[in-house]
Amino acid sequence: MASPKRPQHFYDQVKDKFREERDLRLDYRPPGTDQFTSDFSGDLAKYAVDPYAKDVPSRETISDEVEVLFIGGGFSALLTSARLRERGIESVRIVERGSDVGGTWYWNRYPGAACDVVSYDYLPLLDELNYVPVNHYSRGPEIFNHCQAIARKYNLYDLAVFNTTVTETRWEESDQLWHIKTDRGDEMRAQFVICANGTLAKPKLSAIAGMESFAGHSFHTSRWDYDYTGQNLEHLKNKVVGIVGTGASAVQIVPELAKVAKEVFVFQRTPSSIDVRDDWPTDPNWARKLEPGWQNKRRSKVLAAVENSLEKRAAKGASSPEEKLKKQENANIDYMMRIHKRIDEIVDDPVTADSLKPWYMFMCKRPCFHNEYLPSFNLSNVHLVDTHGQGITKITPKGPIFEGEDYELDLLIYATGFEVQQTGIYNDIVGAEGVNLQDKYADGIRTLLGIHTAGFPNLFIMGGYQASFQFNLTEMLQTQGDHIAACIDYVRANGHHTLDVSDEAEEWWVQEVIEHRGKTSRSEECTPGYYNFEGNEQRRQDGNYNGGFRQYFEHQGLVREKMQKNFRLAPRKT
Ligand code: NDP
């Protein structure tokens, strides 16, 4: 971010406005995540149905034993499986709720789906698959295809079980194996279990009064109903469509709806920040010249660049912490003012333009990047319904109501997001001595590296809290996958059967997480969103490790250097 360029009172006024807008939202909402529901039972059951699993085949129940079992078949499982295969581990099973691998990219097939991380960094295992992405940014179908290609290359389909939800994962001391129950009546056993259920996997709905009564069609963005909309949305030509929410999913969907639907109503509670998102095809000459190992080299360079800039900033160090913070905040506000200016330049109607302006610091919410979202609001069929922080609170059989106005819709799309970084969604995890993981976490999350938790031998967690957080999630998951594969390899190579983190190692990591959390009050000052637990106060250990990605990666290596000290390792009891 560039150096601040306005008088201080300007920044102070903007900060006051940020506070006002945050307080407005907090006053409207039930606290924290209470405003949402992800219990899709009864009248809400239809929102959980998988529209992509046509004709789920019936099958015999499974009661067998594998060496490694993944709960979930997204990038976490795929990346780690690749590393397990490279280490000669054959018996690997993915159990997946969807009807294929892909995780996020299996479920999120809405029109316009694409990734905001540069494809050469986001798509993993490009060297291994000898694949170069088609564009600078990948679209959803390319990423989904890449997931399938990884599964094929590493023979992960052989033992995979789809259309199956794990409901219980219980450690049995009698045979020292995990016993896995599913909604299809299976009772599988595994030596190692990896919770690979994704960071944003379980859809949630805003709990809006009367939503069950809506007489039109409705679905969540992660369950797009192409039978209703048509593959190219052609069935929407004569339909009035509403979309609740304006986060990253809606930002990609609205331009697609705008091109086709008769009318589009966008129900906004808080606007996203929308920056430029240019894309271009991969240069074939560049692709041709790539040498083996290019992706790893590229990743190391990106990491080194981050570290260098951190070092340079630290070296500047002459100013006090307060001065530094102020400088950072002012530069952040300048960035947000540029986002505002961009809106004024693009959106014709000044009232709509004002409504689209986000009033919070950059990174309080997940930043969005799109070149077509803002211009959509210049089309005569697209209407922004700005609820000024309140949100939609009532839905009738006709559609949402706001300020006494009934919005009569044929289709209502919920772009209301997902549960965040939960371990064991749909699934009860019960460790040694019958302890339920959620009960263990009730007094605060306790892990080593966000991956191991004491009392849960041979269980590994991916993408959960107390791990590092990266905008490029696959990069973080790859380090976890490499670490997990190395741990499993160590257990096998040294004649052990179980690995359980020591209490001391776990305590050390909990303290590391606490020490690096919340050095500023920035998070509490943010407008509510899933980055700050919807504005709820949080125990300091119940979040991500903020000590830096490079440090997180290095800690993994250091932990593995002292396996005997950090873990209780034991042979199989006879
Ligand atoms: P989000 O949780 O980011 O957004 C939910 C939206 O619903 C918010 O705008 C929220 O408003 C709004 N909302 C909730 N309740 C109401 C209500 N009652 N009335 C009106 N609005 C309401 O979910 P998304 O699915 O958009 O995104 C989830 C995450 O998935 C992203 O943050 C990103 O990490 C990932 N993603 C990445 C993409 C990419 O790489 N391009 C694309 C899509 C998703 P409020 O802000 O006020 O809470």
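Described below are features of the structure shown in this document. Small disclaimer: the values here were computed from a predicted structure and weren't measured. (Residues numbered from 1 in each chain as written. Predicted model: local features only at pLDDT ≥ 70, side-chain atom pairs only at ≥ 80, totals over all residues. Heavy atoms only, no water.)

All right, on to the overall build of the chain then. Scanning the chain from terminus to terminus reveals 19 helices and 21 strands. For the chain, whose C-alpha radius of gyration is 24 Å, the value lies close to the compact-globule estimate of 25 Å for 574 residues. Viewed in the frame of its principal axes, the chain has a C-alpha envelope of about 75 × 65 × 55 Å. Within the chain, buried positions represent 55% of all 574 residues. Intrachain contacts of the chain at a sequence separation of at least 6 include 75% that bridge at least 24 residues. Working note: accessible area of the chain is about 25,400 Å², and carbon and sulfur atoms make up 49% of it. Measuring between centres, the 68 positive side-chain charges of the chain sit 4 Å from its 83 negative side-chain charges. (Helix = DSSP H or I, 4+ residues; strand = E, 2+ residues; numbered from the N terminus. Rg over C-alpha atoms; globule rule 2.2 N^0.38 Å. Buried < 20%, exposed > 50% of the residue type's maximum accessible area, 1.4 Å probe, protein only. Contact = heavy atoms within 4.5 Å. Areas by Shrake-Rupley, 256 points an atom, 1.4 Å probe, with all protein chains shown as cover. Lys, Arg positive; Asp, Glu negative; His and termini not counted. Charge placed at Lys NZ, Arg CZ, Asp CG, Glu CD.)

Turning next to the sheet that holds strand E9 (residues 240-244). With parallel pairing, the five strands of this open sheet are ordered in space as E8-E17-E9-E10-E13. The two strands at the open ends of the sheet, each matched to only one other strand, are strand E8 (217-220) and strand E13 (382-386). Averaged over all pairs of adjacent strands, the angle between their axes in this sheet comes to 15°, without regard to strand direction. Sheet analysis places E9 next to strand E17 (residues 411-414), joined by four bridges and oriented parallel. Its bridge partner lying in E17, isoleucine 243 is registered against isoleucine 413. Against the sheet, helix H8 (residues 248-260) touches E9, strand E10 (263-268), E13 and E17, its axis set at about 170° to E9. (Pairing = 2+ DSSP bridges. Axes fitted to C-alpha atoms, helices over the stretch in contact; angles between N-to-C directions.)

Time to look at the environment of glutamate 345. Looking at where glutamate 345 falls in the secondary structure, it is placed in helix H11 (residues 321-346). Taking the C-alpha atoms as reference, glutamate 345 lies 10.0 Å from proline 375; in sequence the two are 30 residues apart.

Attention now goes to the side chain of asparagine 381. As for its position among the elements, asparagine 381 is in the loop between helix H13 (373-376) and E13. By relative accessible area, asparagine 381 is classed as buried at 12%. In terms of polar contacts, asparagine 381 uses its side chain to reach the backbone carbonyl oxygen of alanine 258, at 3.0 Å. (Polar contact = N/O pair within 3.5 Å; in protein donor to acceptor, adjacent residues only side chain to side chain.)

Bringing the nonpolar core into the picture now. Core analysis: the largest hydrophobic core is formed by 112 residues, its most contacted members being Phe75 and Trp224. The dominant element in this core, judged by the number of residues it contributes, is helix H15 (residues 473-493), at seven residues. Aside from chain neighbours lying at most four places away, what touches phenylalanine 75 is Trp105, Tyr122, Leu123, Pro124, Ile143, Cys147, Ile150, Thr474 and Leu477. Judged by nonpolar contacts, the second largest core, of 25 residues, contains Val66, Trp171, Ile180 and Phe533. (Core = buried A, V, L, I, M, F, W, Y, C linked by side-chain atoms within 4.5 Å.)

Around the ligand, a shell composed of 28 residues is seen, among which Arg29, Ser249, Thr270, Lys365 and Tyr530 lie nearest. Here an oxygen atom of the ligand and a backbone polar atom of glycine 247 are 3.4 Å apart. When isolated, the ligand has an accessible area of 920 Å², and the protein chains bury 89% of it. In terms of residue count, the dominant contributor to the shell around the ligand is H8 (three residues). Partitioned by chemical class, the residues of the shell around the ligand number 13 nonpolar, 10 polar and five charged. (Near = heavy atom within 4 Å. Nonpolar A, V, L, I, M, F, W, Y, C, P; charged D, E, K, R; others polar.)

Moving on, we come to the packing of helix H2 (residues 75-86) against H15. With their axes 8 Å apart at the nearest point, H2 and H15 run at an angle of 40° to one another. Comparing their axes, H15 and H2 come out oblique. Along this stretch, H2 crosses H15, giving a crossing that reads as right-handed. Residues Phe75, Ser76, Leu79, Thr80, Arg83 and Leu84 of H2 form the contact with H15, whose own contacting residues are Thr474, Leu477, Gln478, Gly481, Asp482, Ile484, Ala485 and Ile488. Of the residues assigned to the contact of H2 with H15, the class counts are seven nonpolar, five polar and two charged. (Parallel < 35°, antiparallel > 145°, perpendicular 65-115°, else oblique. Left-handed = near helix turned anticlockwise from the far one by under 90°.)

This next bit is on the sheet that holds strand E15 (residues 400-402). Where strands meet in a sheet, backbone hydrogen bonds hold them as pairs that are either parallel or antiparallel. Reading across the sheet, the three strands line up as E14-E15-E16 and stay open at both edges, with antiparallel pairing between neighbours. Where the open sheet ends on each side, the last strands, each with one partner, are strand E14 (394-395) and strand E16 (405-406). Relative to E16, E15 runs antiparallel, the two being bridged by two bridges. Among the inter-strand pairings, phenylalanine 402 is bridged to a residue of E16, identified as glutamate 405.

The element strand E2 (residues 65-71) is largely enclosed, with a buried count of six among its seven residues. The sheet contact formed by E2 and strand E6 (residues 187-195) spans six bridges and is parallel. The partner of phenylalanine 70 across the bridge, within E6, is isoleucine 194. Regarding the hand of the β-α-β motif, the stretch spanning E2, H2 and strand E3 (residues 92-95) is right-handed. (Right-handed = clockwise from strand over helix to strand, strands pointing away.)

To continue, consider the state of the cysteines. By the definition in use, this model includes one disulfide. Linked covalently through their sulfurs, cysteine 364 and cysteine 526 form a disulfide whose S-S length is 1.9 Å. The sign of the S-S torsion, about -75°, decides the handedness of the disulfide formed by cysteine 364 and cysteine 526: left-handed. You can see cysteine 364 sitting in the loop between helix H12 (350-355) and strand E12 (368-369) and its partner cysteine 526 sitting in the loop between helix H17 (522-525) and helix H18 (549-561), a full 162 residues away along the chain. (Disulfide = S-S within 2.5 Å.)

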